[in-house]
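The lines below spell out each chain.
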Amino acid sequence: MRRFVSLIFLSLALLPMTGIACTIADLFASEPGNIFPLLTRTNRLDMVDYYNSGQTVAVPNNLAGESKLISLDSIYLKLQASASKVVEMRMMTAGKDTVIAVIETVMTPVPDSRITFWNTQWQQFVRTGTFFKVPTIDNFITRKMTRELRADLQDAMIFPLIELTFTGEQHDCIQASHGLERFLAPDEFKRFASYLRPTLNYRVKGTKIKSVK
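Rules and cut-offs
- Residues numbered from 1 in each chain as written.
- Predicted model: local features only at pLDDT ≥ 70, side-chain atom pairs only at ≥ 80, totals over all residues.
- Heavy atoms only, no water.
- Buried < 20%, exposed > 50% of the residue type's maximum accessible area, 1.4 Å probe, protein only.
- Helix = DSSP H or I, 4+ residues; strand = E, 2+ residues; numbered from the N terminus.
- Pairing = 2+ DSSP bridges.
- Phe/Tyr/Trp six-rings, centres within 6.5 Å; stacked < 30°, edge-to-face > 60°.
- 1 Å grid on protein atoms, 1.4 Å probe; cavity = no way out; pocket = protein on both sides within 12 Å on 5 of 7 lines; lining within 4 Å.
- Points joined across faces, edges and corners; volume = space filled by probe spheres on them.
- Nonpolar A, V, L, I, M, F, W, Y, C, P; charged D, E, K, R; others polar.
- Patch = residues over 30% accessible without salt bridge, like charges linked within 9 Å, V, L, I, M, F, W, Y side chains within 5 Å.
- Areas by Shrake-Rupley, 256 points an atom, 1.4 Å probe, with all protein chains shown as cover.
- Salt bridge = Lys/Arg side-chain N within 4 Å of Asp/Glu carboxyl O.
- Lys, Arg positive; Asp, Glu negative; His and termini not counted.
- Charge placed at Lys NZ, Arg CZ, Asp CG, Glu CD.

Trainee: Just give me the short version of the pairing of strand β5 (residues 97–107), but keep the residues and values in it.
Mentor: Buried residues dominate β5, accounting for eight of its eleven residues. Between strand β4 (residues 85–94) and β5, which pair antiparallel in sequence order, lie two residues; one of them, G95, sits at a positive phi of approximately 65 degrees. Two strands pair when backbone bridges link them, and β5 and strand β6 (residues 111–118) are joined in this way by eight bridges, in the antiparallel orientation. Bridge pairing in β6 places I103 opposite I115. Two successive antiparallel strands, β5 and β6, enclose a turn made up of three residues.

Trainee: Explain the packing of aromatic side chains to me, and be specific about the residues and the numbers.
Mentor: Under the defined criterion, the tally for this structure stands at seven aromatic pairs. Judged by centre distance (5.0 Å) and plane angle (85 degrees), the ring pair of F132 and Y202 falls under edge-to-face. In this pair, F132 is assigned in the loop between β7 (124–125) and α4 (137–140) and Y202 in strand β10 (residues 199–205), connecting sequence segments 70 residues apart. Members of the aromatic cluster, joined through ring pairs, are F117, F125 and F131.

Trainee: Tell me about the layout of surface pockets, and name the residues and values.
Mentor: Its volume calculated, the largest pocket comes out at about 290 Å³. Contributing elements (two or more residues each) for the lining of the largest pocket: β10 and β11 (208–211). Tallied by class, the residues present in the lining of the largest pocket amount to seven nonpolar, three polar and four charged.

Trainee: Lay out a positive patch on the surface with the relevant residues and their values.
Mentor: Positive charge collects at one region of the surface, where K133, R143, R197 and K213 lie side by side. Along the chain, R143 falls in the loop between α4 and α5 (147–156).

Trainee: Which residues make up unusual backbone geometry, and what values go with them?
Mentor: Going from T108 to P109, the amide bond is cis rather than trans, its omega being 5 degrees. The residue P109 is located in the loop between β5 and β6 in this model. If you check the backbone angles, A64 has positive phi at about 65 degrees while not being a glycine. In this fold, A64 is placed in the loop between β1 (59–60) and β2 (66–72). A relative accessible area of 77% means that A64 is categorised as exposed. Phi is positive for W122, close to 60 degrees, though the residue is something other than glycine. For W122, the position within the fold is in the loop between β6 and β7. What makes W122 buried here is its relative accessible area of 7%.

Right under this line is the structure:
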C-alpha cells in the first residue's frame with residue numbers, strides 16, 4: 001500500500017504545473033510555436049542565456065533571418081522576431097490566476113498590432129474582451145468631429161492601423177496609437193488631426209487591462 005501511495009505522489013510530481021510558471025522566460029521557452037514559429041526551443045533558450053549574461057545577440061531563425069531579445073525581466077519580454085515583427089509578452093496575475101498578454105506588432109510599413117491572451121499551458125482565450133476592450137479608430141475620435149467629416153475619414157482609411165505597446169517601469173501600462181498621420185497624405189490628415197486623440201492609455205490591474213481616463 002505504501003509503495004502504491006508513493007507511486008501516486010511521484011506521478012503527481014511529474015505532471016505539468018497548471019497555471020504556474022516561474023518567469024516569462026519559462027513561458028517563452030515552452031510556447032509551442034503559435035507565436036514563435038520561426039524559433040526552436042533551443043534558439044529561445046540560447047537567447048535567454050545570452051541576455052542573462054549581458055549580451056544582446058541576434059540568433060538565426062527559420063526564415064534565414066535573425067531574431068533578438070530586446071528586453072527581459074521576470075514578467076515581461078520584448079523580442080524582435082524578424083525585420084518586420086516585434087512581439088511583447090507580459091504576465092498578468094490575480095491571486096492564483098495567471099494570464100499571458102501577447103502583443104504582436106507588424107510593420108505594414110505603418111505599425112499595426114494585435115493582442116491575444118493565453119493561459120500558462122498556452123491555450124488561447126477566445127474572448128479577448130474578457131481581459132481588454134481593444135480600441136478601434138472610433139475611440140481616438142473626439143465628439144467634436146462632424147458626421148460628414150467622420151464619413152470622409154472612413155472613406156480615406158482603407159483599414160485601421162493601431163499600434164499597442166507596453167509602457168512604464170513595470171510594463172504595467174499599454175499605450176495605443178493610431179497610424180493615420182503616416183498612412184494618409186499630409187494635407188488629408190490635416191483635415192482630421194484636431195479631432196483625433198494621438199494616444200490612448202491603459203493600465204494592467206490583475207488580469208484585466210483598464211482604460212486610464
